[in-house]
Amino acid sequence: PSHKLVFTGHSIGGSLAILLTILLANDRGARFVRDNVLRVFTYGCPPIFEIESTSNAKRNGYVDDSCSILDAFDLPTDLVYGYCQPWDPIV
């Protein structure tokens, strides 16, 4: 089939959507995820990975949109979209 998967979730469900994507990449490989997963959308998702600091890049006026965990699995940074509201306790 030519369909692609879209994972989505709110709060813990958003964390699970990201974890499922990472587990798929670990088990089946990054190429499988790139070929079969269109997007991952999260809403108010608690953080599940520690991302490397980009403070030096921000200080020099350069905004680095890379994500160390996605880079480690050779996945594109535009795969995961995270949304949160200012009143979310996670922010």
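Check the entry above for the structure.
Owing to the predicted nature of the structure, the values given are computational and were not obtained by experimental measurement.

Definitions and cut-offs
Residues numbered from 1 in each chain as written. Predicted model: local features only at pLDDT ≥ 70, side-chain atom pairs only at ≥ 80, totals over all residues. Heavy atoms only, no water. Salt bridge = Lys/Arg side-chain N within 4 Å of Asp/Glu carboxyl O. Helix = DSSP H or I, 4+ residues; strand = E, 2+ residues; numbered from the N terminus. Buried < 20%, exposed > 50% of the residue type's maximum accessible area, 1.4 Å probe, protein only.

A. Main features of the pattern of salt bridges. In the structure shown here, the tally under the stated rule is three salt bridges. The salt bridge partner of R28 is D27, with a shortest N-O separation of 4.0 Å. R34 is the salt-bridge partner of D74, the closest N and O atoms lying 3.5 Å from each other. Taken together, the residues span a long stretch of sequence, with D74 in the loop between α4 (68-72) and β3 (80-83) and R34 in helix α2 (residues 30-36) at a distance of 40 residues. Relative accessible area serves as the criterion here: at 52%, D74 is assigned to the exposed category. Residue R34 is classed as partly exposed on the basis of its relative accessible area of 35%.

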